[in-house]
Amino acid sequence: MSKLIAITGKGGVGKTTISALLIKNLLDGGNRPVLAIDADPNSCLDTALGVTVTDTVGRAREDARASAGTNAGVSTRELLHLKLESALVEAKGFDLIAMGRPEGEGCYCYANNILKEVISEISSSYPYVVLDNEAGLENLSRRIVQKVDLLVLVSDASNSGLQTLLRLYELANEMKMSYNKLALVINKLRSDKQPERIEEIREKTKADIVICLPNDEEIAAFAEENKNFLEISELNQVYQKIRELAEPLFSNP
């Protein structure tokens, strides 16, 4: 049965980097294939994983709509699913699908519904699914997923970042999101000392896992140069700390 990991947080806190390094941990542990889902309209998970997305869920929706009625014997829904299959990027040990931006008239609602179907239908073929969410609170309110094995809330160490962390936790519960485990990741710490509010936040959220990640020069260089995070050294301190997210997934049936 698939294990679904959803990663969310405000913009600029390193969600995509953490998603990529978690995927690397899964692959290095022999847990493959992994389905990587980039639910951020500003898609960049492909770059972090060293692949290139050419088609997205948003584009597939528009193409299927434009082709409606021109393919005899093929319904719009069937055509849409065919186009979604072509949007799946296949790589060594993992596949990737990106939501992208909705094109033409309309809102995200229809594209979101399609993504929900994609997650439901194709995720069963993968032992692990990693969902890199859009920045901010709206991604949870869109209810792309309602039940996950591990919900990862990411923040920086600033007071506003930690307050957003609490808001994300509250919103997840308001949306009746179900999760087996909750992890809090405080990213880009400039010292070995953890933020003073961490214990307070751990108490309020009843988090199963709390990880503080240092501000790492190698990680920063990979991000600035758009390098493939799957190629980062296994000795990297951030990569090793993120293993704490992956290990419970390895050990729990």
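Below you will find a few notes about this structure. (Residues numbered from 1 in each chain as written. Predicted model: local features only at pLDDT ≥ 70, side-chain atom pairs only at ≥ 80, totals over all residues. Heavy atoms only, no water.)

### A closer look at the packing of aromatic side chains
The final tally for this structure, using the stated rule, is one aromatic pair. Seen in terms of ring centroids, Phe 222 and Phe 229 are 5.6 Å apart; in terms of plane orientation they differ by 40°. Their pairing is tilted. With relative accessibility at 10%, the residue Phe 222 sits in the buried group. Lys 24 extends its terminal NZ or CZ atom over the ring of Tyr 239, reaching a point 5.2 Å from the ring centre. (Phe/Tyr/Trp six-rings, centres within 6.5 Å; stacked < 30°, edge-to-face > 60°. Buried < 20%, exposed > 50% of the residue type's maximum accessible area, 1.4 Å probe, protein only. Lys NZ or Arg CZ within 6 Å of the ring centre and 35° of its normal.)

### Describing the sheet that holds strand β8 (residues 209–214)
Here eight strands make up an open sheet; going across it, the order is β3-β4-β2-β5-β1-β6-β7-β8 and the pairing mixed. Because the sheet does not close on itself, it has two edges, and the strands there are β3 (89–90) and β8. As paired elements, strand β7 (residues 178–189) and β8 share five bridges and run parallel to each other. Within the sheet, the bridge partner assigned to Ala 183 lies in β8 and is Ile 209. Across the sheet, helix α7 (residues 159–174) touches β1 (3–9), β6 (147–155) and β7, and the angle it forms with β6 is around 160°. Against the sheet, helix α8 (residues 198–205) touches β7 and β8, its axis set at about 170° to β7. (Pairing = 2+ DSSP bridges. Helix = DSSP H or I, 4+ residues; strand = E, 2+ residues; numbered from the N terminus. Contact = heavy atoms within 4.5 Å. Axes fitted to C-alpha atoms, helices over the stretch in contact; angles between N-to-C directions.)

### What to know about the environment of Tyr 169
By the secondary structure assignment, Tyr 169 is in helix α7. Apart from residues lying up to four places away in sequence, Tyr 169 is in contact with Leu 153, Tyr 179, Leu 182, Lys 204 and Thr 205.

### Things to note about the environment of Asn 187
Within the secondary structure, Asn 187 sits in strand β7. Given a relative accessible area of 9%, Asn 187 falls into the buried group. Along the sequence, Asn 187 and Pro 214 sit 27 residues apart, while their C-alpha atoms lie 6.5 Å from each other. Beyond its immediate chain neighbours, meaning those up to four positions away, Asn 187 contacts Val 13, Gly 14, Ile 18, Val 154, Ser 155, Asp 156, Ala 157 and Leu 213. A distance of 2.7 Å separates a polar side-chain atom of Asn 187 from the backbone oxygen of Val 13. (Polar contact = N/O pair within 3.5 Å; in protein donor to acceptor, adjacent residues only side chain to side chain.)

### Remarks on the environment of Glu 234
With respect to the helices and strands, the residue Glu 234 is situated in the loop between α9 (217–224) and α10 (237–251). For the pair Glu 234 and Leu 21, spaced 213 residues apart in sequence, the C-alpha separation works out to 10.0 Å. The contact partners of Glu 234, leaving out residues within four places of it in the chain, are Lys 24, Asp 28, Tyr 239 and Gln 240.

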